Amino acid sequence: MNWLSASPGVVLTAYHPSGNNAVAGSNAKESEETVPSSRRSGQYTMNHDNSKKSTERPQMDRSSSQDSLDELSMDDYWKELENIHETSKNNHRDQEVVVVKEPDEGELEEEWLKEAGLSNLFGESTGDSLDSMVFLSTLTRTQTAAVQKRVETVSQTLRKKNKPYQVPDVRDIFRQQSDSKEKVSGESEPSSVTARENKNEAQDEVKDDPEFNLGISEKTTLPEDVPVSETDINLEISFAEQAANLKDSSIGKMCKGKEDDTLLPNFRLPKDKTGTTKIGDLAPQDMKKVYSLALIELTALYDLLGTEFKQQKAIKIKMKDSGLFGVPLSVLLEQDQKKVPGTRIPLIFHKLISQIEEARLDTEGLLRIPGVAARVKSLCQELEAKFYEGTFNWESVKQHDAASLLKLFIRELPQPLLTVEYLKAFQDVQNLPTKKHQLQALNLLVLLLPEANRDTLKILLEFLQRVIDHRDKNKMTLNNVAMVMAPNLFTFHGLGSKTIEQSEFVMAAGTANVMRFMIKYQKLLWTIPKFIVNQVRKQNTASQKKEKKDKAMKKLLKKMAYDKEKHEKQDKSPNDADVPQGVIRVQAPHLSKVSMAIQLTEELKASDIVARFLSQKSGVVQALKKEEVFLYEIGGNIGERCLDDDTYMKDLYQLNPNAEWVIKCKHS
């Protein structure tokens, strides 16, 4: 039985034209015909009988659209939806539906707290919440308010349900952060702890440690002598804090007017002397903290901007456990890594992109013009049977067919590439008031994606940008590519009618606009904001202090720590023990010169240190390229961080003086 009949793949949200105009057929020539005006009138359907009559699409409401695009410019979007519907209809597959579960009262907030790593703030594990107290002490004012709001909702729900275990008062949870201060001062905590008071407590702790600036002061502002540019993206201050300050300022009131949505500004990141941190630069234990902080920050931002943020939840169904199309990403990667260890994206996905690029990207209408439906269907069957055997004849695959297969692969994923949990949040980005807010939200959402989804999305966006780079010949601009790809990424049946509550034009223009953002600003989206990295540093420092305090309280552990320290001192070389002030020792265990003392200067960069090691003449160094080795910051207040070339080492050393510095290959 082939995949077309056996797969429990997804049901597609299709767009059906009104009137008697025929949709694009299986003939490629037909698909290139000019779209009649009536083609743009129709309706979305969700898993319904095709015999039902289509109703006329509601009139465009331009005022509520996030993109001021006229109907003519939306032709590519509607046409792509018709092609999707035609492909689905021709496949005649038995489809098994993934249904998004509607959460019970309080269940959404409870799940949110678990995702944020704060599940021990409620339920049976309430008493064991010291780690959460450390975590909460590093949150900003707006982040604290977001957590407090969810804890209150869960607490009220649990009381209504008369749970057998104790339900803590939300005020007690946040009061614990300052218990130690109360014992010293002898003052009692007020009966109500406001978000502002919690904010001040967290701020006090940050002030005690001058290494960090989390941007959490009550009225955070940029220095007066620094002009605020509309194209600057500030990653040093919490996005929600920036929004709160702007909301309260006269500038915020002035910015309430609608932006020109047809133009996308050239956002830029101001240079950070301590280095820009990209996704993939941090160790897994720190990325786990980044995930929790990104979820809380995104929720705080949506709360502040009046946009509802709700994670969706899919009911698990039986899915294919082998094959290519309609197979979960995790399953694909598991079977692909047996053939190519270390691969991070599905082999079929990579091969389809390579196949499209082998025929050059100058082809007019690339991605827009569909392949021949019957031929694409036949290729799918053949790929399922021969891809892993290595007997599939790629020379017979035409470029438009390969592009159709690539889009089909994305649509056939049992759960969307942007995930069931966050697909609606990606869609709702269009409702945020400014482009800067939209970009900030997308940045946080990318951080929340599972690694496999994020890596696959990155490869896709990079490919789409290469297609756009040939727009002079292929006639596929950013807008064209976004219009064609948006239905493939955002069409998912599981969200039901909630995805089309708005008029169809707003839905189409909005998702296409989000697609434009993801393509144009992809380099920014894969950057971890500095304020989040600093919060991770703060958490690590607080945890280390807590561990040291616990050791000091236990005599046996104290003795063990002393013996260990003594042993380590004996093992240290004189060079390691006697590093003078202003000098760091850099280790390079994989190179011929394994250690070098480096004098810190104001202008010394990470790339300069790597260059010094690579300048040493040896066979090992000769075999390595500069692009393959990086300087790493390890330990101190960070787990492990790969440094970008433009990191100023003296500035970073002042931020993390207890770190070790190691040169090695990435992911080694």
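Computed from a predicted model, the values in this text were never measured in an experiment.

### Examining the nonpolar core
When a protein is soluble and globular, its nonpolar side chains tend to lie buried together.
(1) Moving on: Of all hydrophobic cores here, the largest spans 127 residues; its most connected members are M515 and M518.
(2) Moving on: With 11 residues, helix α12 (residues 284-304) is the single largest residue contributor to this core.
(3) Moving on: Residues contacting M515, with those up to four places away along its chain left out, are L461, L464, A482, M485, A486, L489 and F490.
(4) Moving on: Core analysis: the second largest hydrophobic core is formed by 22 residues, L604, V610, L631 and L643 among them.

### Describing helix α21 (residues 478-490)
Side chains three or four residues apart in an α-helix point the same way, a direct result of the helix having 3.6 residues per turn.
(1) Moving on: A rise of 1.5 Å per residue sets the reference length of α21, with its 13 residues, at 18 Å; its end C-alpha atoms lie 17 Å apart and thus fit the reference within 8%.
(2) Moving on: Of all the bends in α21, the largest measures some 30° and sits at V484, one to four residues before the proline P487.
(3) Moving on: Summarising burial for α21: 12 of the 13 residues are buried, a large majority.
(4) Moving on: All of the buried residues along α21 are L478, N480, V481, A482, M483, V484, M485, A486, P487, N488, L489 and F490.

### A word on the environment of N453
(1) Moving on: Here N453 lies in helix α19 (residues 451-468).
(2) Moving on: Along the sequence, N453 and L418 sit 35 residues apart, while their C-alpha atoms lie 6.9 Å from each other.

### Topic: the pairing of strand β11 (residues 660-665)
Along any regular strand, the residues point their side chains to alternate faces of the sheet.
(1) Moving on: Of the pairings in the sheet, the one linking strand β7 (residues 583-587) to β11 comprises 2 bridges and is parallel in character. Note on β11: the bridge partner recorded for Q587 is V662.
(2) Moving on: Note that strand β9 (residues 629-635) and β11 share 6 bridges and pair antiparallel. Across the sheet, residue L631 finds its bridge partner in β11, namely I663.

Thresholds, definitions, all that
- The numbering scheme is per chain: residues are counted from 1 as the chain's sequence reads.
- Thresholds applied to this predicted model are a pLDDT of at least 70 for local features of residues and 80 or more for the giving and counting of side-chain atom pairs; totals over whole chains, interfaces and linings are not thresholded and use all residues.
- Excluded from the side-chain calculation are hydrogens and water; included are all heavy atoms of the structure.
- Residue types Ala, Val, Leu, Ile, Met, Phe, Trp, Tyr and Cys, when buried and joined through side-chain atoms within 4.5 Å, form a set referred to as a nonpolar core.
- For every residue, the accessible area (1.4 Å probe, protein chains only) is compared with the maximum for its type, and the residue is labelled buried under 20%, exposed over 50%, or partly exposed between those bounds.
- Put simply, DSSP H or I for four residues or longer makes a helix, DSSP E for two residues or longer makes a strand, and each gets a number counted from the N terminus.
- Here a residue-residue contact requires only that any non-hydrogen atoms of the pair lie within 4.5 Å.
- A helix is expected to reach a length of 1.5 Å times the quantity of its residues less one.
- In this analysis the local bend is the angle between axes fitted, respectively, to the seven residues ending at and the seven residues starting at the residue.
- Strands pair, by our definition, only if DSSP identifies at least two bridges between them.

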